[in-house]
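Reading the structure
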Amino acid sequence: MSAASADPLERTPLCELHLELGAKMVPFAGYAMPVQYPLGVLKEHLHTRARAGLFDVSHMGQASLFGPDHQTTAAALETLVPADILNLQPGRQRYTQLLNEEGGIVDDLMVTRSADPAEDGKLLLVLNASRKEVDYEYMSGRLPDSVRLHPIRDRALLALQGPEAAAALARQSPQAPTLRFMGALATAVAAFECHVSRSGYTGEDGFEISVAADQAIDLARLLLAEEGVQPIGLGARDSLRLEAGLSLYGHELDEMTSPVEADLSWSIPKRRREAGGFPGWDRIQRELRDGPARLRVGIKPEGRAPARDGTEVLEPSGARIGIVTSGGFGPTVNGPIAMGYVDTAYARPGTPVELMVRGKSQPARIVDLPFVPHRYLR
Amino acid sequence: MALERFTEDHEYIRVDGDIAAVGITHHAQEQLGDVVFVEVPEVGRTVKQKEATAVVESVKAASEIYAPVSGVVVEINADLAANPALVNEDAEGKAWFFKLRVADKSELDGLMDRAAYEEFVKRS
């Protein structure tokens, strides 16, 4: 699709359905993906917040880690991530980051412990599309022989998000809506064997549903036929996650940035902070103790002009103190919103800053994230 | 009947005597998607042909609007600041961005008429 990329784009198992639904397809992380459907980004965003949206996220990496028992698999993964995996309970999911030796983020991911006692020792991972091959190589080279990484390439991933997601899914799957936020189980959705978690990337209540690739279109059609469900593209996915204050790899997160700088310290529990045993522990310990040099923050422009990725953040006197990493228009906020990094001295909510937009200085303020409150079912 | 011309950047210019209204085409607004912000120039500003004169931002991206011909900005469309979505509703009607007093009408000769523009859109 893009003349610049030499490799042909990969297609997700839902590609045909996107075209049938009238999606506008764009290249994203090596895949042809729907950026919007005929409804358009703005209405798709608002629809997801008001009712329910179905997203194709099959481009994301799904993988399993297999070991002889949970203790062994969890201990192996803990050498690469700063989360508590050992105490992750069956059927529970956790957010964490794959770290490099410098404490930079190789990727951010979801880790799920299988709910099935017969699968003790198995962890499921969901990784970013743009990073999954890097991740597989990074992890394979660092896992002990007793723990195997198995990329899953024959399954699709759907996300059903929004206040009516649970009601829509309940009509096809009585089990799935019994989950709480960050819970997961293997269960049938209609006639299809799925793995369902109560999670997402919009700030709304919702589910991610893993299904065999050859059943993905049939399942998507069933869910789209439910009252209140519309197909939603990557455009709205991006504005929804930005309003929810959620980081996107390649924007807020990269191999130079630590989880402390990214304001993800909440995902590093006490045991891991104190005992370490993950890459970059010394840097993370130091940043937790002394504070990081820069911090991820919410930035609210005071006017109407959006400030995009790469916009410089200045202090009122004109000195450069940071940069916008994601920015645009928030349809629910009904105004411009941004996230970025600023020197920690300027990170306090309420701090006035200036954004350099097309050569003109625009007033803005550091604000708490998220811009739109999360509505997870805890 | 006003004279209508189009640029390869998908602006239209509608000339009535010495005064010309400039906006983006229906095709351009379709490509942009939902317009959420518009920045218009100051009245009195002198612009050269192809100079970035206004800005339109959709949920997806920011785009510059270039002056199709040289001139002086004599009027701006104040409705657009309050209601940027007007660009999606009526791009080639009520959603003009600014009006120019045209400096040199011969610059219009290098622009496309509607038939040529429609052909240009089909090819691109």
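A brief look at the structure comes next. Because the structure is a prediction, the values reported are computed rather than measured.

**Details of the packing of helix 2 (residues 41-50) of chain A against helix 7 (residues 234-243) of chain A**
All names here are of chain A. Contact pair helix 2 / helix 7: the axes reach a minimum separation of 8 Å and the direction vectors enclose 55°. Between helix 2 and helix 7, the interaxial angle falls into the category oblique. Between helix 2 and helix 7 the crossing geometry is right-handed. Seen from helix 2, the contacting residues are Val41, Glu44, His45, Thr48 and Arg49; seen from helix 7, they are Gly235, Ala236, Ser239, Leu240 and Glu243. Along the lines of polarity and charge, the residues of the contact of helix 2 with helix 7 split into three nonpolar, four polar and three charged.

**Some words on the packing of aromatic side chains**
Applying the stated rule across the entire model yields four aromatic pairs over all chains. Taken together, a centroid distance of 6.3 Å and an interplanar angle of 35° make the contact between tyrosine 117 of chain B and phenylalanine 120 of chain B tilted. Pair noted here: tyrosine 117 of chain B and phenylalanine 120 of chain B are both in helix 4 (residues 114-123), with a separation of three residues, about one helical turn. In this structure, tyrosine 117 of chain B and phenylalanine 120 of chain B share a single accessibility class: buried. Residue placement shows arginine 142 of chain A over the ring face of tyrosine 138 of chain A; its charged tip is 3.8 Å from the ring centre. Over the ring of tyrosine 341 of chain A we find arginine 294 of chain A; its NZ or CZ atom is 4.3 Å from the centre of that ring.

**Observations regarding the pattern of salt bridges**
All names here are of chain A. Under the criterion given, the structure shown has 34 salt bridges over all chains. The residue arginine 131 makes a salt bridge to glutamate 255 at a minimum N-O spacing of 2.6 Å. Taken together, the residues arginine 131 in the loop between strand 8 (122-127) and helix 4 (132-140) and glutamate 255 in the loop between helix 7 and helix 8 (270-275) connect sequence positions 124 residues apart. Its relative accessible area of 13% is what places arginine 131 among the buried residues.

About the criteria used
Residues numbered from 1 in each chain as written. Chains lettered and ligands numbered in written order. Predicted model: local features only at pLDDT ≥ 70, side-chain atom pairs only at ≥ 80, totals over all residues. Heavy atoms only, no water. Axes fitted to C-alpha atoms, helices over the stretch in contact; angles between N-to-C directions. Helix = DSSP H or I, 4+ residues; strand = E, 2+ residues; numbered from the N terminus. Parallel < 35°, antiparallel > 145°, perpendicular 65-115°, else oblique. Left-handed = near helix turned anticlockwise from the far one by under 90°. Contact = heavy atoms within 4.5 Å. Nonpolar A, V, L, I, M, F, W, Y, C, P; charged D, E, K, R; others polar. Phe/Tyr/Trp six-rings, centres within 6.5 Å; stacked < 30°, edge-to-face > 60°. Buried < 20%, exposed > 50% of the residue type's maximum accessible area, 1.4 Å probe, protein only. Lys NZ or Arg CZ within 6 Å of the ring centre and 35° of its normal. Salt bridge = Lys/Arg side-chain N within 4 Å of Asp/Glu carboxyl O.

Coordinates in, geometry out; function isn't part of it.
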